[in-house]
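# Results of the structural survey
What follows is the residue order along each chain.
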Protein chains: 2
Amino acid sequence: MSLAVAATGWRLLLLLCAAGLGAVGAPQPPNILLLLMDDMGWGDLGVNGEPSRETPNLDRMAAEGMLFPNFYAASPLCSPSRAALLTGRLPIRSGFYTSNARARNAYTPQEVVGGIPDSERLLPALLKKAGYASKIVGKWHLGHRPQFHPLRHGFDEWFGSPNCHFGPYDNRARPNIPVYRDWEMVGRYYEEFPINLKTGEANLTQLYLGEALDFIRRQRSLRRPFFLYWAVDATHAPVYASRPFLGSSQRGRYGDAVREIDDSVGRILALLRDLGLQDSTFVFFTSDNGAALISAPKQGGSNGPFLCGKETTFEGGMREPAIAWWPGHVPAGQGQLINRPIFYYRGNTLMAATAGQHKAHFWTWTNSWEEFQQGVDFCPGQNVSGVTTHTQEEHTALPLIFHLGRDPGERFPLSFASAEYQEALRRLGPAVQQHQATLQPGQPQLNVCNVAVMNWAPPGCEKLGKCLPPPPSAPEKCSWPH
Amino acid sequence: MSLAVAATGWRLLLLLCAAGLGAVGAPQPPNILLLLMDDMGWGDLGVNGEPSRETPNLDRMAAEGMLFPNFYAASPLCSPSRAALLTGRLPIRSGFYTSNARARNAYTPQEVVGGIPDSERLLPALLKKAGYASKIVGKWHLGHRPQFHPLRHGFDEWFGSPNCHFGPYDNRARPNIPVYRDWEMVGRYYEEFPINLKTGEANLTQLYLGEALDFIRRQRSLRRPFFLYWAVDATHAPVYASRPFLGSSQRGRYGDAVREIDDSVGRILALLRDLGLQDSTFVFFTSDNGAALISAPKQGGSNGPFLCGKETTFEGGMREPAIAWWPGHVPAGQGQLINRPIFYYRGNTLMAATAGQHKAHFWTWTNSWEEFQQGVDFCPGQNVSGVTTHTQEEHTALPLIFHLGRDPGERFPLSFASAEYQEALRRLGPAVQQHQATLQPGQPQLNVCNVAVMNWAPPGCEKLGKCLPPPPSAPEKCSWPH
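Remember, it's a predicted structure, so these values are computed and weren't measured experimentally. (Residues numbered from 1 in each chain as written. Chains lettered and ligands numbered in written order. Predicted model: local features only at pLDDT ≥ 70, side-chain atom pairs only at ≥ 80, totals over all residues. Heavy atoms only, no water.)

### As for the overall build of chain A
Helix and strand content of chain A: 11 helices and 20 strands. The C-alpha radius of gyration computed for chain A amounts to 21 Å, which stays within 12% of the reference 23 Å derived for 482 residues, consistent with globular compactness. By principal-axis analysis of the C-alpha atoms, chain A measures approximately 65 × 55 × 45 Å. For chain A, the residues scored as buried account for 64% of the 482 residues in total. (Helix = DSSP H or I, 4+ residues; strand = E, 2+ residues; numbered from the N terminus. Rg over C-alpha atoms; globule rule 2.2 N^0.38 Å. Buried < 20%, exposed > 50% of the residue type's maximum accessible area, 1.4 Å probe, protein only.)

### So, the interface of chain B and chain A
In this complex, chain B contributes 37 residues to the contact, which on the side of chain A involves 36 residues. Carbon and sulfur atoms supply 56% of the area buried between chain B and chain A, which totals about 2,800 Å² over both sides. Three residues, Pro51, Arg53 and Arg406 of chain B, lead the burial of chain B against chain A; their summed loss comes to 23% of the area buried on that side. In this assembly, chain B and chain A are joined by zero salt bridges. Taken together, chain B and chain A are joined by eight residue pairs in polar contact (both at pLDDT 80 or more). Within the side of chain B that touches chain A, the residues separate by chemical class into 14 nonpolar, 15 polar and eight charged. (Contact = heavy atoms within 4.5 Å. Buried area = accessible area lost by both parts, 1.4 Å probe. Salt bridge = Lys/Arg side-chain N within 4 Å of Asp/Glu carboxyl O. Polar contact = N/O pair within 3.5 Å; in protein donor to acceptor, adjacent residues only side chain to side chain. Nonpolar A, V, L, I, M, F, W, Y, C, P; charged D, E, K, R; others polar.)

### Things to note about the sheet that holds strand β15 (residues 358–361) of chain B
Residues and elements named next belong to chain B. With antiparallel pairing, four strands are arranged side by side in an open sheet as β13-β14-β15-β18. Each of the sheet's edge strands pairs with one partner strand only, and the pair in question is β13 (343–346) and β18 (400–403). With direction set aside, neighbouring strand axes in the sheet form an average angle of 20°. Pairing of β15 with β18, which is carried by four bridges, proceeds in the antiparallel orientation. Looking at the pairing, Ala360 lines up with Ile401 of β18. Relative to strand β14 (residues 349–355), helix α10 (residues 419–438) is tilted by about 125°, and along the sheet it contacts β13, β14, β15 and β18. (Pairing = 2+ DSSP bridges. Axes fitted to C-alpha atoms, helices over the stretch in contact; angles between N-to-C directions.)

### Side note on the side chain of His236 of chain A
Residues and elements named next belong to chain A. For His236, the location among the structural elements is in the loop between β8 (226–231) and α7 (252–274). On the basis of relative accessible area, His236 is assigned to the buried category, the value being 6%. Each residue touching His236, except ones within four places of it in the same chain, is listed here: Asp38, Asp39, Lys139, Cys164, His165, Phe166 and Lys310.

### Examining the packing of aromatic side chains
Applying the stated criterion across every chain yields a total of 38 aromatic pairs over all chains. Summarising the aromatic geometry, the rings of Phe71 of chain A and Phe284 of chain A are spaced 5.1 Å apart at their centres and angled 50° between planes, so their arrangement reads as tilted. Of this pair, Phe71 of chain A sits in strand β3 (residues 71–72) while Phe284 of chain A sits in strand β9 (residues 281–287), and the two are 213 residues apart along the sequence. For Phe71 of chain A, a relative accessible area of 3% puts it in the buried group. Considering the side-chain rings of Trp140 of chain B and Phe155 of chain B, the 6.1 Å spacing of their centres and the 90° angle between planes classify their relative orientation as edge-to-face. Highlighted residues: Trp140 of chain B in the loop between β4 (133–139) and β5 (157–161) and Phe155 of chain B in the loop between β4 and β5, separated in sequence by 15 residues. In terms of burial, Trp140 of chain B and Phe155 of chain B fall into one category: buried. Among the aromatic side chains, those forming a connected cluster through ring pairs are Phe68, Phe71, Phe282, Phe284 and Trp326 of chain A. Just above the ring of Tyr344 of chain A sits the side chain of Lys359 of chain A; from NZ or CZ to the centre is 3.8 Å. One residue, Arg102 of chain B, lies across the ring of Trp363 of chain B, its end atom 4.2 Å from the ring centre. (Phe/Tyr/Trp six-rings, centres within 6.5 Å; stacked < 30°, edge-to-face > 60°. Lys NZ or Arg CZ within 6 Å of the ring centre and 35° of its normal.)

### Considerations on the state of the cysteines
Residues and elements named next belong to chain B. Inspection of the entire model under this criterion finds six disulfides over all chains. One disulfide bridge connects Cys449 with Cys478, the sulfur atoms lying 2.0 Å from each other. Here Cys449 and Cys478 share a disulfide; its torsion about the S-S bond, 100°, makes the bridge right-handed. On the criterion of sequence distance, the pair formed by Cys449 in strand β19 (residues 448–450) and Cys478 in the segment after β20 (475–477) is long-range, its members being 29 residues apart. Neither residue differs from the other here; Cys449 and Cys478 are each classed as buried. Bridging Cys461 to Cys467, the disulfide has an S-S length of 1.9 Å. Because the sign of the S-S torsion sets the handedness, a value of about 95° for the bond joining Cys461 and Cys467 places this disulfide among the right-handed ones. Overall, Cys461 belongs to the buried group, its relative accessible area being 0%. (Disulfide = S-S within 2.5 Å.)

### Considerations on the relation of the copies chain B and chain A
Overlaying chain B on chain A yields an RMSD of 0.0 Å, the required transformation being a rotation through 180° with an accompanying axial translation of 0.0 Å. Read as a symmetry element, the transformation amounts to a two-fold axis. (Least-squares fit on C-alpha atoms with pLDDT ≥ 70 in both.)

### Description of the pairing of β9 of chain A
All names here are of chain A. With seven of seven residues buried, β9 is to be regarded as a mostly interior element. Alternating residues of β9 divide into Thr281, Val283, Phe285 and Ser287 and Phe282, Phe284 and Thr286, and every residue in both groups is buried. Here strand β1 (residues 31–37) runs beside β9; their pairing, made up of seven bridges, is parallel. Each residue of the ladder has a partner; that of Leu35, found in β9, is Phe285. Pairing of β9 with strand β11 (residues 323–325) involves three bridges; the strand directions are antiparallel. Its bridge partner being in β11, Val283 is matched across the sheet by Trp325.

### Section: the packing of helix α6 (residues 204–222) of chain A against α7 of chain A
Residue and element names in this part refer to chain A. The geometry of α6 relative to α7 is characterised by a closest axis approach of 10 Å and an angle of 10° between their N-to-C directions. Between α6 and α7, the angle falls in the class roughly parallel. Between α6 and α7, the contacting residues are Thr205, Gln206, Leu209, Ala212, Leu213, Ile216 and Arg217 on the first element and Glu260, Ile261, Ser264, Arg267, Ile268, Leu271 and Leu272 on the second. Here the residues of the contact of α6 with α7 sort into eight nonpolar, three polar and three charged. (Parallel < 35°, antiparallel > 145°, perpendicular 65-115°, else oblique.)

### Describing α7 of chain A
Residues three or four positions apart in an α-helix share a direction because the helix packs 3.6 residues into each turn. Residue and element names in this part refer to chain A. Between its first and last C-alpha atoms α7 spans 33 Å; for 23 residues at 1.5 Å apiece the expected length is 33 Å, and the two agree. Counting buried positions over the 23 residues of α7 gives 17, a clear majority of the element. Gly276 occupies a position one or two residues after α7 and carries a positive phi of about 70°. (Expected span 1.5 Å × (residues − 1).)

In structure tokens:
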């Protein structure tokens, strides 16, 4: 197993498993816990410099394990990032993008028709062949129609929701998001699973924690290797926390949500220790994309020193907090920088790429002037002239190049005339050409929306008396709020 | 000794000493090492989230000791901050300011007539009464005329310079900065003590390290309690490092300087351990002001998530990296937030103050439009409308208030109409009134400049053949570049 590879991104788990599985006479493969945060930023961890230092359990996990300061999501938005994490493939390959508009971020709202294609092989399906039991707890976000159900893509169990918990809706024009246990809906957000938008109170993280602990205990008693994908969403607006954590943070409600998650991670690791599983369980913590600065400061986190946040291909959008923990196997320390290019996409547009410490932006924009003037701001208080643009600026001939070591905040573009710029450009060219020459874009999954495919009547709704009448089919091109 | 107090600022050392000294039958007082950085930013330490993680020794010092995420300098500029550190008094009290212009940052260039007044009692003078030997290594910056010499204000030894090492000068119009050993100049920067502006090579940090190690060894053999003030300046532009460290950092030349200092701190702590002094030596690490973003990214550091830098009263200007280390006495952990107001001054203008987590700005400006348009930028890539102003904006009636827990980057002013704003304003008023009612401003020391008082012919210059003829006296009002 090459843990150094982990520093460069999303291929981590496949590599890990490939290395640990299948050998004749190999020891029992490790259990795998993947703790995936929602809109949590690089700068939200004490160990990454959050000034209020309210993540003692994650900080301890980092001290005992390996901290990756240069770990990237494959997309600055939730669904494509999650698809990449579970498939090991860029969204442009798996189809988790839209081609409806250039440089368009896209995710899977209730109206979307598409989802994870059957042709994609997900981590839990690979692990199943190796004898693993797999569970997803929390947010799926890879499509909500029956063919996209997580139990059709390798998971054995599910407790959570297919879409994001924002809302609430009025139960008629747009159904509230269902919560599933395995194949059946067991209620809906804001109904059986309340989230109080006024107080921020919700018990969901505690439910997700209970599901995780229960699954670990059960697999332990069965002595079966397990994969747990713990995809909590309390740090996605509207952020929430359970009553004991509300008001517990110096950082407001967002901090309350972080504290509850941090506490939960501490309990999960403690259970592993109590069950004697710490030597046989690989735990990885990261987030799906950068903090949503549009929701800051009350409902959004921190990207530390990095520029902008969620929805952008600046570092604040895609550089993630990341910790690997496996006592006795993963040495304590910090991840080394790997000289492997990172490709930053929005939709099917290659916005930026790295070569070593140099990052080149081929296209810049955050959002439109129209949206910006309406108050949608992915870079509040951060304006780098010619960089954080509100029109789609093409720089493919002369990309804007930054040195991420000297300038992690992407505030000082190199001079085009400098020898360093010319040299970086020479290195970037072949890496990008090779990438593009071998790239086969997948069929775009996020182009078509249809109000009829929403969560009107998920399986199980009859038992609960919660089926809603679906409207007539009305397919249309998806459009995205920003 | 109340270490919690340390979190709030510059009274730390006096309190520490007062607590440890003078009691009948008290044990030998602790040795004190004060490691003061020059223009190093909060975000330059790995433990504070610097992404390249190149400060393993400081990170270890923080892990073994106490890290203060909320530690403040008393000024965003070198000389006033250093005066405050050694006197325990705000610069407005000690006289380390100018009244020549409103909100004017000021320091002690070679032309300045003033310096540390005899009426101020410095830490080494207090410690001398308790039997301590004291040495300053590095930059003094509290006045360079004979009456301001550090050995006249409590120090027993000095190796270093009275002013900052920027230059070089031409040796006639403005003398290069002298380097002293005790009472006599032993050479000048760029002459006997070379700093290669092109390559960044200089051996000064190694000299300063050697002086520190030698002093500690000597005092140990004499069994005398000691105070070492290690005020290195490699991270002040022009930044420098010795040859083994040049090119060693992912962060460029600034990072090379940080790495060399980090290595030196590791060696100093190792010596304490080797000599068995770790249980009897209190070590404190901090910086004089925020990173100089005007010099970034090649010659300036990082203020992490905080707004702006040196010269400003935003958090980036005055919140400092800070670590206390004293195994067995200072518990490992992180400093707690103390509910004690912080007062942010530029010159004699109270720019801002805190009450709990709320910070109110009574005046805003960074620098003038004229300077800004010439490229002098204390907040590159950071523009918060109405906050990072280029005119002197008065907000005393309705201050701009930020919640530093939710919004450490000071990017989201509270709404004037909010209950939170009104409540914060009610708490801020009495704290500011009490401060101002009891404040007795000192005689301003930094008002008068005179080319004749420069370092033309410091004591010792005759032996070296390096005396320069001073020009006629020409007193004038000091003016400051920005």
